[in-house]
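Breakdown of the fold
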Amino acid sequence: MTCTVRIASPLRSYTEGAATLSVSGRTLAQVLDSLEARCPGIRFRMIDEQDRIRPHMRLFVNSSEAQQLTAAVADGDTVHVICALSGG
Amino acid sequence: MSLSASERERYRRHLALPEIGAAGQEKLKAARVLIVGAGGLGSPAALYLAAAGCGTLGLIDGDRVDITNLQRQVLFDSPSIGQPKAAAGSERLRALNPELRIVAHAIELRAANVREIFAQYDLVLDGTDRLSARYLINDACVLMRRPLVSAAIHRFEGHLMTYVPDQGPCYRCLFPHAAEGLVANCAEAGVLGVLPGVLGTLQATEAIKLITGIGAPLTGRLLTYDALEMRFSEFRVTRRRDCAVCGDAPTITEPRDMSTSTEGTQGIRRLSAAALHEQLERGEQPLLVDVREDAEFAAGHLPGALHIPLGQLPQRLAEIDPQAAPVFICRSGGRSMAACQMALRANIRSPANLEGGMLAWAADIDPRVRVV
C-alpha cells in the first residue's frame with residue numbers, strides 16, 4: 001500500500017525541502033513509521049511520547065481528520081500533515 | 001446608515017453588484033472591524049477593508065515600522081520607517097478613504113486590555129505573529145461572541161479559518177495548544193513577501209462576506225495555501241466538545257496571557273530588563289544566551305552574549321554549563337521561553353527568560369541597541 005504524505009512547511013527541513021513523499025503503510029502508525037525511516041526525527045515532531053498527535057499538529061487522510069494512529073490508510077490516499085503557523 | 005452622494009460615487013462598483021448593492025454598502029459603513037497586527041496580513045486586509053468602505057476600522061500594533069517589514073507590509077513605505085505602525089498605518093488608510101473612522105491602537109494586546117478594546121468592535125481579524133496573541137484573540141472572541149477571521153503564514157504556506165459564535169469550531173478546536181518555539185516564526189524561517197498579500201486579502205474577503213451576509217463563510221473549514229505548488233486545500237474541522245474555551249465544560253472563562261500560564265514554565269526564572277541590568281551593574285556575569293537568528297544578532301546584542309539560534313539549540317545544549325543558570329534572550333521573549341523549556345528538559349539548572357526580550361531592553365534600558 002503506497003500513499004502520499006504532504007508535509008507541512010515547518011517540517012520540510014526533515015525532508016530536504018520535499019513537499020510530498022511516497023511511503024507505505026496500511027494505518028497512520030505504519031505510514032509514520034515509514035516516514036520516520038526516511039526522515040529520522042520527523043515523527044517526534046508530530047507524535048508525543050504517549051503516541052498522541054501533538055496539539056499543534058493535525059493529520060488528515062484525504063480530507064478526513066485522523067485522530068488516532070490506528071486510522072486506516074488505503075492505496076493512493078494522501079496523508080496531510082498540518083502544523084500551526086505563527087507568522088503574520 | 002444611508003450613503004452620501006460622494007460615497008455612492010466611490011462605491012459604485014459595489015453598488016452594481018446585486019449581492020452587495022446599497023443595503024450591503026450601508027452595512028459596511030456601519031461595520032466596526034478590528035485588525036490585530038499591522039503586519040504582512042494586516043496590511044492588505046486593512047487596505048482592502050478601507051477601500052471597501054468599512055465604516056470603523058481599528059488597527060492595533062505596538063511595534064514601529066522597520067526596513068525589514070517593507071518587503072511584505074504594503075501599508076507602509078520607506079518614510080514610515082521608525083514610526084509607530086498603528087499611527088503610520090492609520091494615516092495611510094485615512095488618505096485612501098477619508099470617509100472612514102480609523103482608530104489607531106499603538107499598544108500590545110494583553111488580557112488586561114482585550115475586553116475593553118474588543119467591546120468597541122463587531123468583528124476581529126487576527127494577523128498577529130505570535131501564538132500567545134492568537135490564543136488570547138481567539139479566547140476573547142469566543143467569550144465576547146465576536147466573529148474572528150484568523151490567518152497565519154510561514155515561508156510559502158498559509159492558513160485561513162473563520163470562527164462565528166455557535167456556528168463552528170474556534171482556533172483552539174483546531175490547535176488546542178501550541179508553544180512558542182515549537183512553531184517557527186517568520187524572522188527565523190523567512191517568508192515570501194507576497195504570501196501574506198494572498199492570505200490578508202482572503203481575510204478581508206471573509207470580513208466583507210460576514211458583514212454583508214453574503215456567501216458561505218469559512219467556518220468549520222481550514223483553508224491551506226501552498227504558494228510553491230499554487231495549491232489551495234480545504235479540510236473539515238469540527239468543534240471539540242473538550243475545547244478549553246468553546247467546549248461543553250470550558251476551563252477558560254476569562255482571557256489570559258499565555259506567557260503568564262505556568263504550563264511547562266515551572267522552574268524558569270522570569271527576568272525583567274531592569275532586573276538583568278541591575279545584575280550586570282552589580283558586576284555579576286550571568287551566562288547570556290541569545291537565541292535569535294544571525295541577522296537579528298548581528299544588528300545588536302548584549303555584550304558577551306553566546307549566540308545559539310533556537311533551531312540549533314537542541315544540538316548545542318552541551319555548550320551551556322548545566323550549573324550556569326543561563327539567561328535566554330530573543331526579540332520579544334517567545335523563543336527564549338522555548339529555549340528555557342529545552343534547557344530545563346536537558347537538566348540545565350534555573351534558566352531565566354528575559355521578559356520582553358531585546359525589545360524590552362531597548363525600550364527600558366538602552367534605546368541605542370538596534371532590534372530587528
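This structure is a prediction, so every number in the text was calculated from the model and none was measured.

Considering the interface of chain A and chain B
With 17 residues of chain A at the contact, the number on the chain B side is 33 residues. Listing elements by their share of the side of chain A that touches chain B, those giving two or more residues are strand 3 (57-61) and strand 5 (78-83) of chain A. Per-element tally for the side of chain A that touches chain B: the top contributor is strand 5 of chain A, with three residues.

Thoughts on the environment of Ala51 of chain B
Residue and element names in this part refer to chain B. Note on placement: Ala51 falls in helix 4 (residues 42-52). A count of 15 C-beta atoms within 10 Å places Ala51 in the partly exposed class. Separated by 46 residues in the primary sequence, Ala51 and Asn97 have C-alpha atoms spaced 6.3 Å apart.

Things to note about the domain arrangement of chain B
You can read the domains of chain B as domain 1 (31-258) and domain 2 (269-364). Centre-to-centre, using C-alpha coordinates, domain 1 of chain B lies 29 Å away from domain 2 of chain B.

Comments concerning the packing of helix 4 of chain B against helix 10 (residues 195-212) of chain B
Residues and elements named next belong to chain B. Running from amino to carboxyl end, helix 4 crosses helix 10 at an angle of 40°, the nearest separation of the two axes being 7 Å. It follows that helix 4 is oblique to helix 10 by the angle criterion. Viewed along their axes, helix 4 and helix 10 form a crossing whose handedness is right-handed. Where helix 4 approaches helix 10, its residues Gly42, Ser43, Pro44, Ala45, Tyr48, Leu49 and Ala52 are matched on the opposing element by Pro196, Gly197, Gly200, Thr201, Gln203, Ala204, Ala207 and Ile208. A breakdown of the residues in the contact of helix 4 with helix 10 according to their chemical character gives nine nonpolar, six polar and no charged.

Structural notes on the confidence of the model for chain B
Looking at chain B as a whole, the pLDDT averages 92, with 95% of positions reaching at least 70. For this predicted complex, the interface confidence comes out at an ipTM of 0.93, alongside a pTM of 0.77.

Let's talk about the sheet that holds strand 9 (residues 269-271) of chain B
Residues and elements named next belong to chain B. Taken together, five strands build an open sheet; the order of strands is 9-13-12-10-11 and the sheet is parallel. On the outer flanks of this sheet lie strand 9 and strand 11 (306-307), each paired with one strand and no other. Summarising the sheet, strand 9 and strand 13 (residues 352-354) pair through three bridges and their orientation is parallel. Note on strand 13: the bridge partner recorded for Arg269 is Ala352.

Rules used in this analysis
- Residues numbered from 1 in each chain as written.
- Chains lettered and ligands numbered in written order.
- Predicted model: local features only at pLDDT ≥ 70, side-chain atom pairs only at ≥ 80, totals over all residues.
- Contact = placed C-beta atoms within 7 Å.
- Helix = DSSP H or I, 4+ residues; strand = E, 2+ residues; numbered from the N terminus.
- Buried ≥ 20, exposed ≤ 12 C-beta atoms within 10 Å, placed from the backbone.
- Domains from an automatic or database assignment.
- Axes fitted to C-alpha atoms, helices over the stretch in contact; angles between N-to-C directions.
- Parallel < 35°, antiparallel > 145°, perpendicular 65-115°, else oblique.
- Left-handed = near helix turned anticlockwise from the far one by under 90°.
- Nonpolar A, V, L, I, M, F, W, Y, C, P; charged D, E, K, R; others polar.
- pLDDT = per-residue confidence, 0-100.
- Pairing = 2+ DSSP bridges.

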